[in-house]
Amino acid sequence: MSQKWTESNVPDQSGRTAIVTGANTGLGYETARVLAARGARVVIAVRDTAKGDQAAARIRAAAPKADLQVLELDLGSLQSVRTAAERIKTDHPRIDLLINNAGVMYPPKQTTADGFELQFGTNHLGHFALTGLLLENVLAADNSRIVAVASIAHRIQAEIDFDDLQWERRPYNRVAAYGQSKLANLMFSYELNRRLAGKPTLSVAAHPGISNTELMRHTPGSSLPGVGALTGLVTNSPLVGALATLRAATDPAVRGGQYYGPAFPIASFGLVGHPQLVTSSEQSHDAAVARRLWQVSEELTDVHIDL
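Notes on the structure follow. All figures in this text were calculated on a predicted structure; none of them were measured in a lab.

### Considerations on the packing of helix α1 (residues 26-37) against helix α2 (residues 49-62)
Then, number 1: At a minimum axis separation of 10 Å, α1 and α2 run at an interaxial angle of 40 degrees. In terms of their interaxial angle, α1 and α2 are classed as oblique. Pair α1 / α2 crosses with right-handed handedness. Contacts between α1 and α2 pair Tyr29, Ala32, Arg33 and Ala36 from the former with Ala55, Arg58 and Ile59 from the latter.
Then, number 2: For the contact of α1 with α2, the per-class residue count stands at five nonpolar, no polar and two charged.

What follows is the structure in structure tokens.
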């Protein structure tokens, strides 16, 4: 096995601007913290700005010179996405890193402000719209990257069901709905990289394995006695989970269309450990489905990405 890739491998980020969604806690917080400590200007884009301010204060306590901006962004509202994107575009003409990290996992059936199934609407459509609205500024930066934070869940009961994307016809299955949203993240990342060919921007994906973060709170059985302690023993810490994102975002050896994640095998998946180049499911590479998903996503969000 190759030498472990750690926080110390993150290159100097001085002069670079990074947008990190969902950066107030968990993986996003650790990603923002490390990038800020390495000199990047980091936008903490979060639904709850009070929590964002608290996260910024914690980062500054460890890195007093950290250059941080807290910005309101609710990925479950396309109006909020548009408002945030306009602010970001005005404040940051050049975006070096767009890290699409925020997400929801396994909640009871709910819809976004625009009527989309919550997981698909937040995890995929919100980030699709944000990426499209910010793409001009990302392309303005040399060696820029767009990182999609996916999940091993893209393999679990996952398919892109174009006949019922919003789970309006079938009994709701929150595990399958999450799988669909994470498969969509990957397919968008790969299709975006194909369309970016010849441009100065890479589209890359990462997954944290199983990490002990707030995202786990709706996992079936998570409230049972003793489960929390056991979870801490068999999962990555938020920092180790975030290393895959950080590697995808900063490692000079990364190439567009790649996928990074923990490589220690448990139950046939890379679930824990430090990040390496890994593979995703065969269906995640279905270019025809990805093109259709792109078109449908444009129609649903009214954000058209012209490359």
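Text resumes after the structure shown.
### Things to note about the environment of Tyr178
Then, number 1: By the secondary structure assignment, Tyr178 is in helix α5 (residues 174-195).
Then, number 2: Taking relative accessible area as the criterion, Tyr178 reaches 4% and is therefore assigned buried.

### Description of unusual backbone geometry
Then, number 1: In this structure, Tyr106 takes a positive phi of about 60 degrees despite not being glycine.
Then, number 2: Examined against the element boundaries, Tyr106 turns out to sit in the loop between β4 (97-100) and α4 (118-139).
Then, number 3: Phi at Asp302 is positive, roughly 60 degrees, even though this residue is not glycine.
Then, number 4: Structurally, the position occupied by Asp302 is in the segment after α8 (287-301).

### Things to note about the environment of Ser181
Then, number 1: Relative to the elements of secondary structure, Ser181 occurs in helix α5.
Then, number 2: For Ser181, a relative accessible area of 0% corresponds to the buried category.
Then, number 3: Placed 77 residues apart in sequence, Ser181 and Val104 show a C-alpha to C-alpha distance of 9.7 Å.
Then, number 4: Sequence-distant contacts of Ser181, that is, excluding residues within four places in its chain, are made with Gln119, Phe120, Asn123 and His124.

### What about the pattern of salt bridges?
Pairs can form between side chains of opposite charge once their charged atoms are near each other.
Then, number 1: Using the criterion set out here, one finds 12 salt bridges in the structure.
Then, number 2: Between Arg41 and Asp67 there is a salt bridge whose closest N-O contact spans 3.2 Å. Taken together, the positions of Arg41 in strand β2 (residues 41-46) and Asp67 in strand β3 (residues 67-72) put the pair 26 residues apart, joining distant regions of the chain.
Then, number 3: Judged by its relative accessible area of 35%, Asp67 falls in the partly exposed class.

### Let's talk about the packing of aromatic side chains
Then, number 1: Counted under the stated rule, the structure contains five aromatic pairs.
Then, number 2: Their ring planes at 85 degrees and their centres at 5.7 Å tell us that Phe128 and Trp294 sit as a pair that is edge-to-face. Placement of the pair is Phe128 in helix α4 and Trp294 in helix α8, with a sequence separation of 166 residues. Comparing Phe128 with Trp294 shows no difference in burial state: the two are buried.
Then, number 3: One cation-aromatic arrangement involves Arg58 over Tyr29; the distance from NZ or CZ to the ring centre is 4.5 Å.

### Quick notes on the pairing of strand β5 (residues 144-149)
Then, number 1: The buried count for β5 comes to six of six residues, which makes it a mostly enclosed element.
Then, number 2: On β5, burial covers both faces: Ser144, Ile146 and Ala148 on one face and Arg145, Val147 and Val149 on the other are all buried.
Then, number 3: Note: β4 against β5, four bridges, orientation parallel. When the bridges of β5 are listed, Asn100 appears paired with Ala148.
Then, number 4: Of the crossover connections in this fold, the one passing from β4 over α4 to the parallel β5 is right-handed.
Then, number 5: Sheet topology places β5 next to strand β6 (residues 201-206); six bridges connect them, and they run parallel. Along β6, the bridge assignment pairs Ser144 with Thr201.
Then, number 6: The parallel pair β5 and β6, bridged by α5, forms a crossover whose chirality is right-handed.

Cut-offs applied
Residues numbered from 1 in each chain as written. Predicted model: local features only at pLDDT ≥ 70, side-chain atom pairs only at ≥ 80, totals over all residues. Heavy atoms only, no water. Axes fitted to C-alpha atoms, helices over the stretch in contact; angles between N-to-C directions. Helix = DSSP H or I, 4+ residues; strand = E, 2+ residues; numbered from the N terminus. Parallel < 35°, antiparallel > 145°, perpendicular 65-115°, else oblique. Left-handed = near helix turned anticlockwise from the far one by under 90°. Contact = heavy atoms within 4.5 Å. Nonpolar A, V, L, I, M, F, W, Y, C, P; charged D, E, K, R; others polar. Buried < 20%, exposed > 50% of the residue type's maximum accessible area, 1.4 Å probe, protein only. Salt bridge = Lys/Arg side-chain N within 4 Å of Asp/Glu carboxyl O. Phe/Tyr/Trp six-rings, centres within 6.5 Å; stacked < 30°, edge-to-face > 60°. Lys NZ or Arg CZ within 6 Å of the ring centre and 35° of its normal. Pairing = 2+ DSSP bridges. Right-handed = clockwise from strand over helix to strand, strands pointing away.

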